[in-house]
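Summary of the model geometry
So the chains spell out like this:
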Amino acid sequence: MTISKFQVGKTYIMTFITDRNLKIAYKVTKRTAKTITIVADDGESITRRIKVYKYTNAESVQPLGRYSMSPNLYANNESKEQQETKLDQNADCWLWMCGE
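Summary of the structure given here. Quantities reported herein were computed from a predicted structural model and do not represent experimental measurements.

Cut-offs used in this document
Throughout, a residue's number is its position along its own chain's written sequence, starting from 1. A pLDDT threshold of at least 70 governs which residues receive local features in this predicted model, and a stricter bar of 80 or more applies before side-chain atom pairs are shown or counted, although totals over entire chains, interfaces and linings include all residues. Think of the side-chain values as coming from all heavy atoms in the structure, minus any hydrogens and water. Whenever a carboxyl oxygen of Asp or Glu lies within 4 Å of a side-chain nitrogen of Lys or Arg, that contact is scored as a salt bridge. By the criteria applied, helices consist of DSSP H or I runs no shorter than four residues and strands consist of E runs no shorter than two, each listed in order from the N terminus. Under the scheme applied here, a residue whose accessible area is under 20% of the maximum for its type counts as buried, over 50% as exposed, and between as partly exposed, the area being computed with a 1.4 Å probe on protein chains only. Whether two strands pair depends on DSSP finding at least two bridges between them. Angles here are taken between N-to-C directions and fall from 0 to 180 degrees, while the axes themselves are lines fitted to C-alpha atoms, restricted in helices to the stretch in contact.

Taken as a whole and assessed by the stated rule, the structure comprises two salt bridges. We note a salt bridge from Lys-10 to Glu-78, for which the minimum N-O separation is 3.9 Å. You can see Lys-10 sitting in the segment before strand E1 (11–15) and its partner Glu-78 sitting in the loop between strand E7 (73–74) and helix H1 (80–98), a full 68 residues away along the chain. Measuring nitrogen to oxygen at the nearest pair gives 2.7 Å for the salt bridge that ties Arg-31 to Glu-59. Of this pair, Arg-31 sits in strand E2 (residues 23–31) while Glu-59 sits in strand E6 (residues 58–61), and the two are 28 residues apart along the sequence. Residue classification places Glu-59 among the buried residues on the basis of a relative accessible area of 4%.

This is the structure we're talking about:
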């Protein structure tokens, strides 16, 4: 099974344990093998250490710090806008391959 990894330039969504409707988007601006730099909607830049959890098969960071019930940002929670763009690109590729 492959592990989802953070990619530079992509936006990921984080939700809170206490309020599932509250969401914050972070864009990855820089990455090394062990750390990631992300920028929030308000422009705040944060550098954190990347962790991998086996049960999610995805990289994870805690942008707001480590405390009880702190939210995690997972690499498999990519922004839906980017997912829709991928689907559109896949559909365009499929139509091109079919000759339409």
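With that settled, consider the sheet that holds E1. Taken together, the four strands give an open sheet; going across it, the order is E1-E2-E3-E4, and neighbouring strands pair in antiparallel fashion. Two strands close off the open sheet at either side, each with one partner strand: E1 and strand E4 (45–49). Averaged over all adjacent pairs, the angle separating strand axes in this sheet is 40°, with direction ignored. Summarising the sheet, E2 and strand E3 (residues 35–40) pair through five bridges and their orientation is antiparallel. Looking across to E3, one finds that Tyr-26 is bridged to Ala-40.

These figures come from the coordinates and say nothing about function on their own.
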